[in-house]
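# Chains, contacts and geometry: an overview
If you want the building blocks of each chain, they are given just below.
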Amino acid sequence: MRYLLMFRSLTYAQRGARLLERTGITATITRMPRSAAVRGCSYGVLISPAQYDRAMEALSSGGLPPERIYMRNADGTLRETDYDMA
């Protein structure tokens, strides 16, 4: 399982990935599946579950929160989730 963070554009996905890499988190830019793409956004960033909380805190404090968050299973299926900063 991995987390797929959807951003509003390719530029924001690239910025998010760079911010995560500077924080020491491996982030891979990937195309979003058509079923998950909304408002034209077709790129996201993959991260490991072990880095999820740290990644979300870094993105939020860096002003780059993702538009949507999905859990991607080994078989490729997606399940939308959310992140509660509380």
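Residues numbered from 1 in each chain as written. Predicted model: local features only at pLDDT ≥ 70, side-chain atom pairs only at ≥ 80, totals over all residues. Heavy atoms only, no water.

## Things to note about the sheet that holds strand S5 (residues 78-81)
Read from one edge to the other, the open sheet built from five strands follows the order S2-S3-S1-S4-S5, with strand pairing classed as antiparallel. This sheet does not close on itself; its edge strands, each paired only once, are strand S2 (28-31) and S5. With direction set aside, neighbouring strand axes in the sheet form an average angle of 35°. Two elements, strand S1 (residues 2-6) and strand S3 (residues 43-47), share four bridges in a ladder whose sense is antiparallel. In the strand pairing of S3, Leu4 is matched with Leu46. Its contacts with the sheet place helix H1 (residues 10-22) against S2 and S3, and it is angled at close to 20° to S3. Along the sheet, helix H2 (residues 52-61) makes contact with S1, S3 and strand S4 (68-72), crossing S1 at roughly 15°. (Pairing = 2+ DSSP bridges. Helix = DSSP H or I, 4+ residues; strand = E, 2+ residues; numbered from the N terminus. Axes fitted to C-alpha atoms, helices over the stretch in contact; angles between N-to-C directions. Contact = heavy atoms within 4.5 Å.)

## Looking at the nonpolar core
Counting 19 residues, the largest nonpolar core has Tyr3, Leu5, Leu20, Val45, Ile47, Tyr52 and Leu59 as the members making the most contacts within it. Every element with two or more residues in this core is listed here: S1, H1, S3, H2 and S4. In terms of residue count, H2 provides more of this core than any other element does, five residues in total. Leaving out residues up to four positions away in the same chain, Tyr3 has contacts with Val45, Leu46, Ile47, Ser48, Pro49, Tyr52, Ile69, Tyr70, Met71 and Thr81. With five residues, the next largest nonpolar core counts Leu4, Met32, Leu46 and Tyr70 among its residues. (Core = buried A, V, L, I, M, F, W, Y, C linked by side-chain atoms within 4.5 Å. Buried < 20%, exposed > 50% of the residue type's maximum accessible area, 1.4 Å probe, protein only.)

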